[in-house]
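Architecture and fold: a report
Here are the chains, one letter per residue:
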Amino acid sequence: MVDLAISRRAVLMGAGAAAAWLASPARALLQAVGKVDVPPFVDSLIGRMTLEEKAGQLQLMASAWGGGAALSLNPPGTGSDFQQQIEDARQGRLTGVFNGNGARMARMLQTAAVRESRLKVPLIFAADIIHGHRTIFPVPLAEVASFEPDLARRTAEAAAFEASGAGIDWTFSPMVDVARDQRWGRGVEGGGEDPLMGRLFAAARVRGFQGADLKSNQHLLACIKHFGAYGAGESGLDYNAVDMSERRLREVYLQPYKAGFDAGALSAMASFNEINGIPSTGNHWLMTDLLRGEWGFQGFVVSDYTGDEEMIAAGYAKDGRDAARLAFLAGVDMSMQSGLYRQFLPDLVRGGEVPEAKLNESVRRVLALKAMLGLFDDPFGRIDEKREAARSMLPQTRALAREAGRKAIVLLKNEGELLPLPRSGKKIALIGPFAAGPHDLVGPWVVYGDDAKAVDLATGVRGAVSNPASITVTQGSGVEEALAGGIDQAVAAARAADIVVLAIGEDSGMSGEAQSRTEIVVPAPQQALAEAVAATGKPVVVVLKHGRALALEGAVANAPAILATWFLGTETGNAIADVLFGAYSPSGRLPASFPWKSGQEPYYYAHKPTGRPNPPGELQPYKAHFRGIPNSARYPFGHGLTYGKIEYNGLALSSQEMPANGSIQVSATIANRGSRAAEEVVQLYIHDRVASITQPVRELKAFRKVALAPGQSEVVRFTLTPADLAFYGLQDRPVVEPGTFDVWIAPSAEAEGVHGSFDLLT
Ligand code: BGC
């Protein structure tokens with residue numbers, strides 16, 4: 001647990017451990033909350049502003065240029081006239097725009113703001129740089145499959161380099177919402193189901209986007225979103241209400257936001273959902289008491305797209321004026337897209353409903369961040385049309401996209417070592433709606449990426465084999481509709497080939513915002529295609545495209561080899577071909593569990609035990625499980641195979657007892673008994689057997705990726721301290737309680753691996 005405050009009880013039990021943690025450099029690092037420097041000129045500037053100009057600094061709008069990229073991604077809102085937007089900039093009625101159209105547009109607007117407005121306050125340009133700007137990296141969820149946070153730091157850094165060349169100062173990223181219900185469509189943008197992964201990737205992405213110096217024209221201001229618990233909407237329905245104990249909020253859902261702020265993120269976005277009856281956008285506890293009071297956040301908070309106005313439909317605000325008042329007083333500094341702040345804040349201040357001092361505080365935060373971004377020093381510092389072109393899709397950026405792509409691929413299954421495929425001597429039928437063509441490559445939540453500039457599967461495969469003519473391509477089916485004659489053609493192609501590569505799954509529109517699904521399966525027409533192709537008896541490699549964990553069925557689940565390949569971005573085809581033909585041995589691990597059936601959702605490995613667990617093996621009556629399926633995942637969090645043959649042996653603990661102020665070492669021997677090199681993600685899980693609050697069946701505490709040559713073995717060691725064993729206790733504080741803990745070093749959250757136990761002493 002990151003935010004380990006030590007309770008009296010914990011101190012009694014382990015003062016030494018607590019003191020060691022409090023004094024540790026690790027904690028200091030974790031708590032290095034981003035600092036906002038307010039240059040002296042900011043206050044004098046605020047002193048010269050009218051109420052309207054102040055409210056203008058708190059109003060962000062979608063770019064209206066030529067229809068604006070933003071307006072094709074979001075529902076149309078106010079301010080869709082670009083000339084009007086220029087006029088708003090001149091009048092000081094606008095703090096900035098988002099999802100605009102490059103340096104040229106930014107120059108026009110910035111010129112109006114800094115040359116033609118009364119106070120010459122520069123605009124800020126924002127965009128959803130979620131997984132790349134022009135070079136598109138794997139969707140964020142896929143990147144988490146790499147179990148390599150530094151990879152995410154590097155792709156965020158590369159995305160910042162491209163985007164900041166195109167006049168963008170601020171990204172609405174990282175999205176760090178924990179997603180434990182795969183029906184929800186937006187899990188694709190985040191860090192998966194596990195809070196530790198969520199924390200590590202949130203922090204890594206913030207560091208990548210922001211770098212060491214926000215002023216540099218190679219970096220962007222990061223924005224932690226969607227605060228908070230947006231991923232926990234009831235039944236996985238987007239925008240839906242969240243009702244949850246504070247304990248679960250803090251132990252799971254709030255963790256990655258906190259880690260992002262601790263890594264230095266200086267902006268946050270309010271989420272659309274309510275938490276326990278209060279919309280986040282109007283939630284004073286969340287936005288002020290917790291975020292600023294307890295966590296010490298100094299940056300500014302922006303609403304999500306019309307999130308303030310949406311409190312009316314949610315039944316929390318009675319009209320626009322009320323919504324502006326509630327959002328602002330809760331602690332949301334800036335309004336996105338509704339226009340409500342500039343419309344109502346001046347009058348709310350005049351009427352005494354909003355203190356002017358509070359308005360000044362929010363303006364101060366925004367201006368300070370603009371200064372930290374270098375916008376006052378050089379408002380055109382990131383706006384340079386030549387630099388925009390010069391930084392776009394450079395070979396090294398594409399190479400990074402390919403590296404990230406192959407590291408994100410998870411080998412779910414590989415019976416009879418069907419993979420890797422030979423590069424020559426076999427006829428391969430590529431079948432399925434995702435076999436070829438410039439579509440569904442860059443994936444969801446891309447503003448500036450282009451499928452036409454991405455490598456499709458067929459191109460990647462043809463480039464990897466010695467004779468491209470040995471590859472046939474057959475669509476076979478639409479994504480959600482059958483294709484007339486498609487199955488017959490696919491069956492004929494399969495019969496004529498030695499091996500089938502079946503590229504099926506979800507298209508880009510099936511995950512992302514507002515794309516919740518009731519059945520998280522391969523759509524029926526593609527399932528029918530899979531059944532028909534499997535019936536030919538040819539060996540089938542399933543290459544899944546998906547923005548979430550799926551419940552695989554029938555011939556798809558039964559295929560001898562299955563690769564989870566998500567949406568990999570610009571280098572999709574090359575990255576998949578690297579894995580298919582063995583240029584790269586798969587090393588990805590699932591960041592979200594694949595259930596047996598959709599009806600298990602929300603399914604996550606770190607669930608609570610019940611009083612009636614079904615023991616391993618046969619399903620037993622009156623034990624916890626759904627009819628006909630085990631209470632587990634088909635492919636759990638952490639699962640992923642390699643082309644090696646990995647064995648776990650020899651769990652060793654440095655002691656059976658962990659002193660309250662000490663630590664123990666846990667190790668295991670990991671061997672590659674196969675004939676190919678492999679990278680194994682070795683995972684350490686714990687379970688607290690008896691506690692004053694019941695604890696999850698397992699929790700990931702550490703992992704390491706190790707490279708093993710054929711025949712090589714390595715002793716992998718982890719250190720555990722009492723801080724790793726803390727939970728949010730009865731007194732609403734993190735505590736560590738003595739007792740017995742199970743420990744596993746294992747290849748997934750549900751694999752046995754090697755298992756032992758130890759006691760934490762008082
Ligand atoms: C999304 C945000 C996004 C914003 C601006 C909203 O619909 O929820 O994640 O940053 O639009 O595009």
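First, a word on scope: everything that follows refers to the structure included in this document. (Residues numbered from 1 in each chain as written. Predicted model: local features only at pLDDT ≥ 70, side-chain atom pairs only at ≥ 80, totals over all residues. Heavy atoms only, no water.)

Looking at unusual backbone geometry
Residue Lys-225 is joined to His-226 through a cis peptide bond whose omega torsion reads -5°. Of note, the bond from Glu-601 into Pro-602 is cis; its omega dihedral lies within 30 degrees of zero at 0°. Relative to the elements of secondary structure, Pro-602 occurs in the loop between strand 17 (594–595) and strand 18 (633–635). Positive phi is not limited to glycine here, since Gln-337 has a value of about 80°. By the element assignment, Gln-337 lies in the loop between strand 10 (335–336) and helix 16 (340–350). Judged by relative accessible area, which is 1%, Gln-337 ranks as buried. Backbone geometry places Asp-732, a non-glycine residue, at a positive phi of 60°. Within the secondary structure, Asp-732 sits in the loop between strand 25 (727–728) and strand 26 (734–735). (Helix = DSSP H or I, 4+ residues; strand = E, 2+ residues; numbered from the N terminus. Buried < 20%, exposed > 50% of the residue type's maximum accessible area, 1.4 Å probe, protein only.)

Remarks on the site of the ligand
Close contacts around the ligand come from 15 residues, with Asp-128, Arg-186, His-226, Asp-304 and Glu-513 the closest. His-226 places a polar side-chain atom, nitrogen or oxygen, 2.7 Å from an oxygen atom of the ligand. Taking Asp-304, its side chain carries an N or O atom lying 2.5 Å from an oxygen atom of the ligand. In the complex, 99% of the free accessible area of the ligand, which totals 310 Å², lies under the protein chains. In the shell around the ligand, the residues fall into seven nonpolar, three polar and five charged. (Near = heavy atom within 4 Å. Polar contact = N/O pair within 3.5 Å; in protein donor to acceptor, adjacent residues only side chain to side chain. Areas by Shrake-Rupley, 256 points an atom, 1.4 Å probe, with all protein chains shown as cover. Nonpolar A, V, L, I, M, F, W, Y, C, P; charged D, E, K, R; others polar.)

Topic: the nonpolar core
Judged by nonpolar contacts, the single largest core of 105 residues is most densely connected at Ile-129, Trp-170, Phe-227, Phe-261 and Leu-345. In this structure, Val-139, Ala-549, Ala-555 and Leu-590 belong to the second largest nonpolar core, which totals 72 residues. (Core = buried A, V, L, I, M, F, W, Y, C linked by side-chain atoms within 4.5 Å.)

Some thoughts on the sheet that holds strand 28 (residues 754–760)
In spatial order, the strands read 20-28-27-22-23; together these five strands make up an open sheet with mixed pairing. The sheet is open, and its two edges are formed by strand 20 (657–658) and strand 23 (699–708), each paired on a single side. Two elements, strand 20 and strand 28, share two bridges in a ladder whose sense is parallel. By the bridge assignment, Glu-657 is partnered in strand 28 with Asp-759. (Pairing = 2+ DSSP bridges.)

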